[in-house]
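Residue-level structural notes
Residue strings, one per chain:
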Amino acid sequence: MDSVATFLNGFLPEGLTTLIVIMIKIVAILLPLILAVAYTTFAERKIIGYMQVRMGPNRVGPKGWLQPIADVVKLMFKEIISPTKASTVVFFIAPMLALAPALAVWSVIPFWDGGVLADVDAGLLLILAVTSLDVFGIILAGWASNSKYAILSSLRVGAQVVSYEIAMGFALVGVLMAAGSMNLSEIVRAQEGGIFSWFAWPLFGLLVVFFIAGVAETNRAPFDVAEGESEIVAGFHVEYSGMAFALFFLAEYASMILVSVLTALLFLGGWLSPFGHALDDVPVLGSVLGDGFHWLFIKSFFFLFCYLWFRATFPRYRYDQIMRLGWKILIPVTLVWIFAEGVAIAFGWKPWL
Amino acid sequence: MTFQLFVFYFFSAVTLLSAVAVVTVRNPVFSALFLILAFFSSAATWVLLEAEFLGVVLVLVYVGAVMVLFLFVIMMLDIQIDTLREGFIRYLPVGLIVAIAMAVELILVMKSGVFNRDIPEPAPLSVSNTEALGEILYTEYVFPFEIAAVILVVAIIAAIVLTHRRRTGVKKQDPSKQVRVRSEDRVRLVKMKSEERQ
C-alpha cells in the first residue's frame, strides 16, 4: 500500500492520493466480502441439502459452483415492480438503507495485525451504533410497501432488534471490561498467548449470549419471525423483486458474516493462532501455524456454519417466546456475568481475569 | 476553504435543512426520517469536533433505539393530517405571540455578547476521547452518574407499574410448566378389547 502511495504522490496532490488509497482499500475489502456473500448462499443450500439428505444445487457449472453467479444474473434481469400507492422514494431508499450500514461496519474490522481500514479507538461502540441502523431499512421497507404483511413483519423486526441489541451490548461490555479497550485490534491483542488466553473461556456465557443475540439481530432461523413464510408470506420484502430484493439479501448475509467474524474476533482471538508463538519456529509449517488471517477465516467459518446448522435444526420460535428469551433470560445472564467479572477484576484473579 | 471547513458546512447545512423539513413536511413518517437525518448529521459535526464518543453515542441511542420506537409508533397510529391541521387560524394568534416572544428572546441573548468570546483551545489529551470521558465520569462525577442511573431505574419501574395490569381470566402460558410436562400427566392409555368381527 505504501509503495502505491509513494508512486501516486509523484504526480498527484497529497489529498487525492489519500483518497485513492482509501478507495483501493475499500474495494479490496468489499469485493471479497460480496464474493463471500455469494458463496455463503451456495454453502447454505449445499449444507442444508446434505443435512436433509438431498443434493442441493448441482446443475450450474461443475458441481453447481456457478449457481450463485446464475442467481445474481437472474435477479439483475428481473423487473423491479413498485406497488401502487406505495411511497416510491422510501420504497427504493429502504434497501439501500439496509445495505449501507452492513457494508460500512467492515471499515473497523481488523483482518490481521494491522490489517484494518480505520483503526478507531471506539471501534466496538461504532460497530454497535452502525449495526443498529440496519433495522431502518427493514422498518421502512415494511411501511413503504403499503402491504399488511410487510408492515406486520417490520413491527416484529423493530421490537425484536431493539430488545436483542440490549443483550448484545451487555455482552460487549463484558468483552471491553476484560480487554480494557474498545479498539478491536487491542481486544484481539489482549487475547495473545494461545488457546487458553482467549476470552471464550472466562466469558463463555457472554459468548453464547452474543451469538444468540447476533442470530436474532440478523433475523435468521430460529428467530426469523420477520420472514415467517407460513404466517406473513415473506415479511418485509414481499413486495420487492429483482435487484431491490437482492440488496436485502446481500445485507442479511453480510451481517451474518459480520456477526461470525465479530464473535471470532472478540471471543476466539481473531487472527491469533491457538498455539500461541510456541510453533512459530517449526520449519515449513511455521507460517501456517503462527498468527494470520487464515485463523480468523477458520474461526468465522465455524460460526457461519452454526448459522446454517441452526436453520436446518431448530423450529421457529413463537413471537412471545423470542421476547421472553431476550428479556428474561439473556439480559439477566449477561448482568450476572458482568457483575462476577467485575468482582474478578477487582480482586485481580488471574488467569480468569 | 480547507477540507475540514467544507465537511463542517456540509453537515451543518444538512442538519439545518432536515430540521426545517421535520416541521414542514406533511407526512409524519417523513418528519421522523428527517429527524433521523438531523441526528445523524449533528453526530457527524460532533465527530468533527473530536468528540467521537458523543457522536457515536448519539447515533447509537437516539437513532438506533429512540427513533426506531418513534417510527414504530408513528407507523402504527393512523394519523389524520386533516384533523391535525384543524383550527390553524383559530390558534394562529397564540402561536404568533409565542413565536415572536421566542424570537425576541433569542435575538436578545445573541446580541448580549455571551457568545462573543474566543474559541477555546482543545485540551491536549494524552488518552483517547472515550477513555478520558470514562475516567472523569467514574471518578469525579461518580455520584451524579449514579444518581442519574437511580432516577432512570425509578422511571422504568414507574412506567411498568403504570401500564402493567393484572387481568383476570387471561389464559397464560407458563414456559417452565410447559417444559416440565410429562406424557403421563396428559395421556391416558386405555386398554380395550377389540370388537368382534361382524
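Before reading on, note that the structure itself is shown above.
Residues numbered from 1 in each chain as written. Chains lettered and ligands numbered in written order. Predicted model: local features only at pLDDT ≥ 70, side-chain atom pairs only at ≥ 80, totals over all residues. Heavy atoms only, no water.

A separate point is the overall build of chain A. Along chain A, the regular secondary structure elements total 14 helices and zero strands. Traced from its N-terminal end to its C-terminal end, chain A shows the element sequence α-α-α-α-α-α-α-α-α-α-α-α-α-α. Taken against the 2.2 N^0.38 rule, which gives 20 Å for 353 residues, the C-alpha radius of gyration of chain A at 22 Å falls within 12% of a compact globule. Referenced to the eigenvectors of the C-alpha coordinate spread, the extents of chain A come out at roughly 65 × 60 × 45 Å. Within chain A, the proportion of its 353 residues that are buried is 51%. For chain A, restricting intrachain contacts to residue pairs at least 6 apart in sequence, the fraction spanning at least 24 positions comes to 75%. (Helix = DSSP H or I, 4+ residues; strand = E, 2+ residues; numbered from the N terminus. Rg over C-alpha atoms; globule rule 2.2 N^0.38 Å. Buried < 20%, exposed > 50% of the residue type's maximum accessible area, 1.4 Å probe, protein only. Contact = heavy atoms within 4.5 Å.)

Within chain B, the secondary structure is distributed over nine helices and zero strands. Listing each helix as α and each strand as β along chain B from the N terminus yields α-α-α-α-α-α-α-α-α. Since a compact globule built from 198 residues should have a radius of gyration of about 16 Å, the 29 Å found for chain B marks it as more spread out than a globular shape. Here the C-alpha coordinates of chain B stretch approximately 105 × 55 × 35 Å along the principal axes. Expressed as a percentage of its 198 residues, the buried residues of chain B come to 17%. By sequence separation, contacts in chain B at least 24 residues apart represent 54% of the contacts at least 6 residues apart. Total accessible area on chain B stands at roughly 17,000 Å², and carbon and sulfur atoms take up 67% of it. In chain B, 18 side chains carry a positive charge and 17 a negative one; their mean positions are 21 Å apart. (Areas by Shrake-Rupley, 256 points an atom, 1.4 Å probe, with all protein chains shown as cover. Lys, Arg positive; Asp, Glu negative; His and termini not counted. Charge placed at Lys NZ, Arg CZ, Asp CG, Glu CD.)

Residues and elements named next belong to chain A. You can see Ser145 is positioned in the loop between helix H6 (134–144) and helix H7 (148–179). A relative accessible area of 1% means that Ser145 is categorised as buried. Looking at Ser145, its side chain comes within polar contact range of the main-chain oxygen of Ala141, at 2.7 Å. Leave out the neighbours within four places in its chain, and Ser145 touches Pro83, Ala86, Phe91, Ala150, Phe236, Glu239 and Tyr240. (Polar contact = N/O pair within 3.5 Å; in protein donor to acceptor, adjacent residues only side chain to side chain.)

This part takes up the packing of H6 of chain A against H7 of chain A. All names here are of chain A. Look at H6 against H7: their axes get within 7 Å of each other, and the N-to-C directions meet at 155 degrees. The angle between H6 and H7 falls in the class roughly antiparallel. Every pair of crossing elements has a handedness; the one defined by H6 and H7 is left-handed. From H6, Val135, Ile138, Ile139, Gly142 and Trp143 reach across to H7, where they touch Ala150, Ile151, Ser154, Val157, Gly158 and Val161. (Axes fitted to C-alpha atoms, helices over the stretch in contact; angles between N-to-C directions. Parallel < 35°, antiparallel > 145°, perpendicular 65-115°, else oblique. Left-handed = near helix turned anticlockwise from the far one by under 90°.)

Let us look at the interface of chain A and chain B. Taken together, the 26 residues of chain A in the interface contact 23 residues of chain B. Summing both sides of the interface, chain A and chain B together bury roughly 2,100 Å²; the carbon and sulfur share of this comes to 83%. Sorting the residues of chain A by area buried against chain B places Phe136, Trp143 and Leu155 of chain A first, and these three jointly supply 26% of that buried surface. Connecting chain A to chain B are zero salt bridges. Remark: the boundary between chain A and chain B carries zero residue pairs in polar contact (both at pLDDT 80 or more). Listing elements by their share of the side of chain A that touches chain B, those giving two or more residues are helix H5 (123–131), H6, H7 and helix H14 (319–347) of chain A. Take the side of chain A that touches chain B: its biggest share by element is seven residues, from H7 of chain A. (Buried area = accessible area lost by both parts, 1.4 Å probe. Salt bridge = Lys/Arg side-chain N within 4 Å of Asp/Glu carboxyl O.)

Turning next to the nonpolar core. Residues and elements named next belong to chain A. Formed by 109 residues in total, the largest nonpolar core has its most connected members in Trp106, Ile109, Leu266 and Phe267. Per-element accounting of this core gives the leading share, 15 residues, to helix H11 (residues 242–267). Dropping the residues within four chain positions of it, Trp106 is found in contact with Ile29, Leu33, Phe111, Ala254, Ile257, Leu258 and Val261. (Core = buried A, V, L, I, M, F, W, Y, C linked by side-chain atoms within 4.5 Å.)

Residue and element names in this part refer to chain A. Scanning the entire structure with this criterion turns up two cavities of 30 Å³ or more. The volume enclosed by the largest cavity comes to roughly 370 Å³. Surrounding the largest cavity, 28 residues form its lining, Asp134, Glu217, Thr218, Ala251 and Ser255 being those nearest its centre. Counting residues per element, the lining of the largest cavity draws most heavily on H11, at nine residues. Split into classes, the residues belonging to the lining of the largest cavity amount to 19 nonpolar, five polar and four charged. (1 Å grid on protein atoms, 1.4 Å probe; cavity = no way out; pocket = protein on both sides within 12 Å on 5 of 7 lines; lining within 4 Å. Points joined across faces, edges and corners; volume = space filled by probe spheres on them. Nonpolar A, V, L, I, M, F, W, Y, C, P; charged D, E, K, R; others polar.)

Its boundaries defined by the atoms lining it, the largest pocket holds a volume of some 2,400 Å³. Lining the largest pocket we find 44 residues, and of these Phe170 and Val173 of chain A together with Leu60, Tyr138 and Phe145 of chain B sit closest to its centre. Mapped onto the lining of the largest pocket, the elements with two or more residues apiece are H5, H7 and H14 of chain A together with helix H3 (52–76), helix H6 (129–139) and helix H7 (142–163) of chain B. Each of two domains, domain 1 (1–79) and domain 3 (128–163) of chain B, supplies a minimum of three residues to the lining of the largest pocket. In this structure, the second largest pocket occupies an estimated 1,300 Å³ of space. Lining the second largest pocket are 38 residues, with Ala104, Leu126, Val130 and Leu133 of chain A together with Phe40 of chain B positioned closest to its centre. Every element with two or more residues in the lining of the second largest pocket is listed here: helix H2 (14–51), helix H4 (88–104), H5 and H6 of chain A together with helix H1 (3–24), helix H2 (28–48) and H3 of chain B. Of the residues contributing to the lining of the second largest pocket, the split by class is 35 nonpolar, two polar and one charged. (Domains from an automatic or database assignment.)

On to H4 of chain A. Along an α-helix, residues three or four apart share an orientation, since each turn contains 3.6 residues. With 17 residues, H4 of chain A extends 25 Å between its outermost C-alpha atoms, agreeing within 8% with the 24 Å of an ideal straight helix rising 1.5 Å per residue. Taking the largest bend as the criterion, H4 of chain A deviates by roughly 25 degrees, centred on Ala94 of chain A, and proline Pro95 of chain A comes between one and four positions later. All of the buried residues along H4 of chain A are Val90, Phe91, Ala94, Pro95, Ala98, Leu99, Pro101, Ala102 and Leu103 of chain A. Those residues of H4 of chain A hidden inside the fold are in contact with H2, H5, H6 and H11 of chain A together with H2 of chain B. (Expected span 1.5 Å × (residues − 1). Bend = angle between axes of the 7 residues up to and from the residue.)

Glancing now at a positive patch on the surface. The grouping of Arg324 and Lys328 of chain A together with Arg165, Arg166, Arg167 and Lys172 of chain B at the surface amounts to a positive patch. Mapped onto the elements of the fold, Lys172 of chain B is located in the loop between H7 and helix H8 (175–180). Residue class for Lys172 of chain B comes out exposed when judged on its relative accessible area of 68%. (Patch = residues over 30% accessible without salt bridge, like charges linked within 9 Å, V, L, I, M, F, W, Y side chains within 5 Å.)

What follows deals with the packing of H11 of chain A against helix H13 (residues 293–313) of chain A. Residue and element names in this part refer to chain A. One can describe the packing of H11 onto H13 by two numbers: an axis separation of 8 Å at closest approach and a directional angle of 130 degrees. On the basis of their axis angle, the class for H11 and H13 is oblique. For H11 against H13, the interelement crossing comes out right-handed. For the pair H11 and H13, contact is made by Met256, Ile257, Val259, Ser260, Val261, Thr263, Ala264 and Leu265 and by Leu296, Lys299, Ser300, Phe303, Leu304, Tyr307 and Leu308, respectively. Of the residues that constitute the contact of H11 with H13, the class distribution is eleven nonpolar, three polar and one charged.

In this fold, Asn183 of chain A is placed in the loop between H7 and helix H8 (184–189). With residues up to four places along the chain from it excluded, the contact list for Asn183 of chain A reads Asp119, Val120 and Asp121 of chain A.

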